[in-house]
Amino acid sequence: NAGVTQTPKFRVLKTGQSMTLLCAQDMNHEYMYWYRQDPGMGLRLIHYSVGEGTTAKGEVPDGYNVSRLKKQNFLLGLESAAPSQTSVYFCASSYSTGTLYGYTFGSGTRLTVV
Amino acid sequence: GQQVMQIPQYQHVQEGEDFTTYCNSSTTLSNIQWYKQRPGGHPVFLIQLVKSGEVKKQKRLTFQFGEAKKNSSLHITATQTTDVGTYFCAGPGSGGGADGLTFGKGTHLIIQP
C-alpha cells in the first residue's frame, strides 16, 4: 500500500551515539516533515523540506540534521544523542495544488536515549 | 510565533455521550486541519476547513471553522469505543503549511463503557 514508511520502528541509543532515521514515501509528494512527539507537548516540527535538495529548520531543530537527496526519502540524523532526544519521531508528507492537502504520517520511531 | 491551543486536555465520557474539543489560534488561519491519533498509533488526517464559518460532517463527526478563522471545533455525537484517541487541530504558518503545520497539544478522549 502507498504511504510513508519509517525505519527503524524502535531504537535504544547510548548518550553520545549517532543514528539516522529513514523516511520513505511513494506518493510523489513534494513536502516532507519530521516531527517529535513528547507527552504533554503535542507534535513539534524539527525540520522540513519543500522539495528534493532543500531543507529548512522547524521549531526544535537543535541537535538534528536532515537531508533530502532524493524526492522520496527524508533522513533525520542525530549526531550525538542526548537523553532529551528520547521521543517518538514521526515523518509526514504532503502535496499542494494551491491548497495544501492533509499530511500522511508514518507509523513512527520510538527512540530511547540512555 | 503562532500558537494553537486546544481544550480540554482530557475528556472522559460514557459511551453514547457527546464530545466536543475546541481549538483556538493566536493568528488568523488560512485553513485548519484535524487529525486523530489512536493509542500507540500515528496521526491520521480527518479533514481540512478553509472557508470562514464552514461546517463539515463526517458521519457522527461535525467540524466547524469560526467566522474570524481563528477558532475551530470538533463535535462527536453519541461516542463509540472506536472514537477513543487523541484529536489534534493544526494550522499552517505564514508559508501556507508547506513550511509545516503548528499542532495543538490535543484532546485525549477516554470512553467508559
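Once a new chain begins, its residue numbering starts again from 1 and follows that chain's sequence as written. Ligands are numbered from 1 and chains lettered from A, in the order in which they are written. Per-residue local features of the predicted model are confined to residues with pLDDT of at least 70, and side-chain atom pairs are confined, for both listing and counting, to 80 or more; whole-chain, interface and lining totals are unaffected and use all residues. The basis for every side-chain value is the complete set of non-hydrogen atoms in the structure, without hydrogens or water.

Enquirer: What exactly am I supposed to notice about the interface of chain A and chain B here?
Expert: A common measure of how large an interface is: the accessible area buried when the components associate. A contact between two residues is defined here by any heavy atoms of the two lying within 4.5 Å. Each partner contributes to the interface: chain A provides 21 residues, whereas chain B provides 19 residues. Counting the surface lost from both chain A and chain B, the interface buries some 1600 Å², and carbon and sulfur atoms represent 58% of this. By definition, a salt bridge exists where a carboxyl oxygen of Asp or Glu is found within 4 Å of a side-chain nitrogen of Lys or Arg. Across the contact surface, chain A and chain B share zero salt bridges. Pairing of N or O atoms within 3.5 Å defines a polar contact, subject to two protein rules: one partner must be a possible hydrogen donor and the other a possible acceptor, and residues neighboring in sequence count only if both atoms are side-chain atoms. Remark: the boundary between chain A and chain B carries six residue pairs in polar contact (both at pLDDT 80 or more). The helix count covers DSSP runs of H or I at least four residues long, the strand count covers runs of E at least two residues long, and both are numbered beginning at the N terminus. Among the secondary structure elements, those contributing two or more residues to the side of chain A that touches chain B are β4 (31-38) and β5 (42-51) of chain A. Per element, the largest residue contribution to the side of chain A that touches chain B is five residues, and it comes from β5(A). In terms of residue class, the side of chain A that touches chain B is made up of 13 nonpolar, seven polar and one charged. Simply put, the buried area is the total loss of 1.4 Å probe accessible area from both parts when two parts are fitted together. Gly falls in the polar group here, along with every residue not listed as nonpolar (Ala, Val, Leu, Ile, Met, Phe, Trp, Tyr, Cys, Pro) or charged (Asp, Glu, Lys, Arg).

Enquirer: Hey, could you run me through the packing of aromatic side chains in this one?
Expert: Geometry of an aromatic ring pair is reported as the spacing of the ring centres plus the angle between the planes. Residues and elements named next belong to chain B. Two rings from Phe, Tyr or Trp (for Trp, the six-membered ring) form a pair when their centres sit within 6.5 Å of each other. Planes less than 30 degrees apart are called stacked, planes more than 60 degrees apart edge-to-face, and all others tilted. Under the defined criterion, the tally for this structure stands at 17 aromatic pairs over all chains. Seen in terms of ring centroids, Y35 and F103 are 5.4 Å apart; in terms of plane orientation they differ by 55°. Their pairing is tilted. Placement of Y35 in strand β4 (residues 32-37) and of F103 in strand β10 (residues 101-103) is noted, with a sequence separation of 68 residues between them. Exposure class is identical for Y35 and F103. Each is buried. Under the scheme applied here, a residue whose accessible area is under 20% of the maximum for its type counts as buried, over 50% as exposed, and between as partly exposed, the area being computed with a 1.4 Å probe on protein chains only.

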